[in-house]
Amino acid sequence: MENYYSKEIETMPVEQIRELQNEKFLKQMQHVWNDCPDYRAKMEKAGISIDDIKSLDDIGKLPFITKDDLREHYPYAMLAKPLSECVRIHSTSGTTGKRVIAYYTQHDIDLWDECCARALVAAGATKEDVVQVSYGFGLFTGGAGLNGGSHKLGSLTLPMSSGNTDRQLQFMIDLGATVICCTPSYAAYLAESIKERGVRDQLKLKAGIFGAEAWSEEMRRDIEAGLGIKAFDIYGLTEISGPGVSYECSEQTGMHINEDHFYAEIIDPDTGEVLPEGSEGELVFTSLDKEAFPVIRYRTKDICVLTRKACSCGRTFIKMVKPRGRSDDMLIIKGVNVFPSQIEAVLLEQGYQANYQLIVDRVNNSDTLDVNVEMTPEKFTDNLGEIADMEKKLVGALKAMLGIFAKVHLVAPKSITRSEGKAVRVIDKRKI
Ligand code: DLL
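What counts and how
- Residues numbered from 1 in each chain as written.
- Predicted model: local features only at pLDDT ≥ 70, side-chain atom pairs only at ≥ 80, totals over all residues.
- Heavy atoms only, no water.
- Helix = DSSP H or I, 4+ residues; strand = E, 2+ residues; numbered from the N terminus.
- Rg over C-alpha atoms; globule rule 2.2 N^0.38 Å.
- Buried < 20%, exposed > 50% of the residue type's maximum accessible area, 1.4 Å probe, protein only.
- Lys, Arg positive; Asp, Glu negative; His and termini not counted.
- Charge placed at Lys NZ, Arg CZ, Asp CG, Glu CD.
- Near = heavy atom within 4 Å.
- Polar contact = N/O pair within 3.5 Å; in protein donor to acceptor, adjacent residues only side chain to side chain.
- Areas by Shrake-Rupley, 256 points an atom, 1.4 Å probe, with all protein chains shown as cover.
- Phe/Tyr/Trp six-rings, centres within 6.5 Å; stacked < 30°, edge-to-face > 60°.
- Lys NZ or Arg CZ within 6 Å of the ring centre and 35° of its normal.
- Core = buried A, V, L, I, M, F, W, Y, C linked by side-chain atoms within 4.5 Å.
- Salt bridge = Lys/Arg side-chain N within 4 Å of Asp/Glu carboxyl O.
- Pairing = 2+ DSSP bridges.
- Axes fitted to C-alpha atoms, helices over the stretch in contact; angles between N-to-C directions.
- Contact = heavy atoms within 4.5 Å.
- Domains from an automatic or database assignment.
- Buried area = accessible area lost by both parts, 1.4 Å probe.
- Nonpolar A, V, L, I, M, F, W, Y, C, P; charged D, E, K, R; others polar.
- Parallel < 35°, antiparallel > 145°, perpendicular 65-115°, else oblique.
- Left-handed = near helix turned anticlockwise from the far one by under 90°.

**Focus: the overall build of the protein**
- Scanning the protein for helices and strands turns up 11 helices and 20 strands.
- Against the 2.2 N^0.38 benchmark of 22 Å for 432 residues, the protein shows a C-alpha radius of gyration of 23 Å, consistent with a compact globule.
- Over its C-alpha atoms, taken along the principal directions, the protein stretches across nearly 70 × 60 × 40 Å.
- The proportion of buried residues among the 432 residues of the protein is 55%.
- In the protein, which carries 52 positive and 64 negative side-chain charges, the distance between the mean positions of the two groups comes to 2 Å.

In structure tokens, the structure reads:
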């Protein structure tokens, strides 16, 4: 039998959800107009006043917010509560100074924890479960989000953070973890390590909640077989709170959006026009009741489809299919947001030119990044030792910038094919 964390809300008739959203939206707009100077200025610039917003049907009149807007107003962009009322920040991954900072009041944390508790219950968790949280803790929202959800549910929570696989497996076995939360790549790696050590029969795992990056149905099957569990997708982004914006249920055919907290639209990424349900486009979220960082019409850049087809789990929340890609050039490699422009900046700083190609792949369910860089005529050498030293230096500089390992291959000047149109800088071989 299906369980729900917030049964009344999660199974509410659609018309009632809309009414609730309408009510919260109008209140939120008053709050934003009065307390968020950045967004009020944006509205005024677009010739819109709060008096033009009479119901949710008017949302299309409001300007979008983009990551650039938030970066431009770093660090306090869209802050709508005094800092003294905020209790926490989290932040997107990215270069210093370009990170987006998300602020939370206690109310915002409670709301977020509730979203994650719903995700855990939808994956079959109860307070009797032992939940191992192996997403990173810190500025990243993954660890804190699922940790908060698991506490709220009353499960025994293991705040493991990511890495240290030996210790992860030891706790998993010794404490009898039944639910594991981490990125799908790490779940696949754990499955491999479990196979290598031959400890599969010592595990009590029954479910996993995996997100923060795109993953395919094939990968789901591999992880389910490797860990002997049912694997559930979870979606979210720092700007909207973190994981738990949407979550999968027993049907495993897309993620229910927590519609009492987040209003979703799909737009044409080129024109900004709102598209009807069922169309593929860019996902846009409005937070309906967050206090400190109440983003309105935030363009996620994630390309996906929304559907309100009845779900066998009984939830009435609209579903989003797995995001199929992004409308910007941001790559998510090992869970870290990487922009090609960051890599380019490192290459230029190290005296190379912008002749490079990034090859992203997924080998044994783990992301890899190879960077082919042309030597400049001045740097050109055929001495293998010198080349190895230069490559090593670049690997270090890239690691310092991105926080992840990239394999660097120096190639001869003019050997990377020049493009007549836009440069093809990224070859993403991952099948997602
Ligand atoms: O990745 C929050 C999160 C943590 C979600 C743990 C799920 C689990 P950011 O670092 O701000 O936040 O990255 C957000 O990651 O816009 C998507 O492009 C991508 N993303 C997140 N979840 C999924 C998913 C966290 N389930 C960006 N499938 C988003 C595909 C996802 N992409």
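**With respect to the site of the ligand**
- Of all residues adjacent to the ligand, which total 19 residues, the nearest are Asp233, Ile234, Thr238, Asp302 and Arg326.
- Glu213 is positioned with one of its backbone polar atoms (N or O) 3.3 Å from a nitrogen atom of the ligand.
- A distance of 2.8 Å separates a nitrogen atom of the ligand from a polar atom in the side chain of Asp233.
- Bound to the protein, the ligand loses 97% of the 610 Å² it would expose on its own.

**As for the packing of aromatic side chains**
- This structure, assessed with the given rule, holds 5 aromatic pairs.
- Here Tyr104 and Trp112 contribute two aromatic rings whose centre-to-centre distance is 5.1 Å and whose plane-to-plane angle is 20 degrees, an arrangement assigned as stacked.
- Its relative accessible area of 1% is what places Tyr104 among the buried residues.
- Trp112 gets classed as buried once you look at its relative accessible area, which sits at 0%.
- The ring of Phe64 has Arg299 lying over it, and the distance from NZ or CZ to the ring centre is 5.5 Å.

**Section: the nonpolar core**
- Counting residues in each nonpolar core, the largest one holds 70 residues, and the members touching the most others are Met29, Tyr39, Leu62, Leu120, Leu283 and Phe285.
- Looking at this core element by element, the count peaks at 9 residues for helix α5 (residues 106–122).
- Membership of the second largest hydrophobic core comes to 26 residues, among which are Leu358, Ile387, Ala397 and Ala406.

**So, the pattern of salt bridges**
- Applying the stated criterion across every chain, the model contains 25 salt bridges.
- Among the ionic pairs, Lys322 bridges to Asp233, the shortest N-O distance being 2.9 Å. With a gap of 89 residues between them, Lys322 in the loop between β13 (319–320) and β14 (325–326) and Asp233 in strand β7 (residues 230–237) connect regions that are remote in the sequence. For the pair Lys322 and Asp233, one class covers both residues: buried.

**Observations regarding the sheet that holds strand β20 (residues 426–428)**
- Ordered in space as β19-β18-β17-β20, the 4 strands form an open sheet in which the pairing is mixed. The open sheet has two edge strands with one neighbour each: β19 (407–411) and β20. Going from strand to strand, the sheet's axes swing by 20 degrees on average, the running direction of each strand aside.
- For strand β18 (residues 366–374) and β19, the ladder comprises 5 bridges, and the chain directions are parallel. Bridged to Asp370 within β19 is Lys407.
- Contacting β18 and β19, helix α11 (residues 384–402) runs over the sheet at an angle of about 135 degrees to β19.

**A look at the domain arrangement of the protein**
- For the protein, the domain assignment lists domain 1 (7–18 + 65–328) and domain 2 (333–428).
- Centre-to-centre, using C-alpha coordinates, domain 1 lies 31 Å away from domain 2.
- Domain 1 puts 14 residues into the contact, and the matching count from domain 2 is 12 residues.
- Where domain 1 abuts domain 2, roughly 1000 Å² becomes buried across the two surfaces, and 46% of that area is made up of carbon and sulfur atoms.
- Linking domain 1 to domain 2 there are 0 salt bridges.
- Taken together, domain 1 and domain 2 are joined by 2 residue pairs in polar contact (both at pLDDT 80 or more).
- Among the elements of the structure, α4 (67–72), α8 (184–197) and α9 (217–227) are those that each provide at least two residues to the side of domain 1 that touches domain 2.
- Looking at the side of domain 1 that touches domain 2, the element that brings in the most residues is α8, giving 3 residues.
- Looking at the side of domain 1 that touches domain 2 residue by residue, the classes come out as 4 nonpolar, 4 polar and 6 charged.

**Observations regarding the packing of helix α10 (residues 340–349) against α11**
- Across the interface, α10 lies against α11 with an axial gap of 10 Å and an inter-helix angle of 140 degrees. Classed by the angle they form, the pair α10 and α11 counts as oblique. Two packed elements cross with a definite hand, and for α10 against α11 that hand is right-handed. Listed contacts from α11 to Gln342, Ile343, Val346 and Leu347 of α10 are Leu394, Ala397, Leu398, Met401 and Leu402.
- Broken down by class, the residue content of the contact of α10 with α11 amounts to 8 nonpolar, 1 polar and no charged.

**Overview of the pairing of strand β11 (residues 280–287)**
- Of all 8 residues that make up β11, 7 are buried, and the element is covered over most of its length.
- The sheet contact formed by strand β10 (residues 262–267) and β11 spans 6 bridges and is antiparallel. Each bridged residue has a counterpart across the sheet, and for Ile267 the counterpart in β11 is Glu282.
- When β11 meets strand β12 (residues 298–307), the two strands line up antiparallel, connected through 5 bridges. Of the residues in β12, the one forming a bridge with Phe285 is Tyr298.

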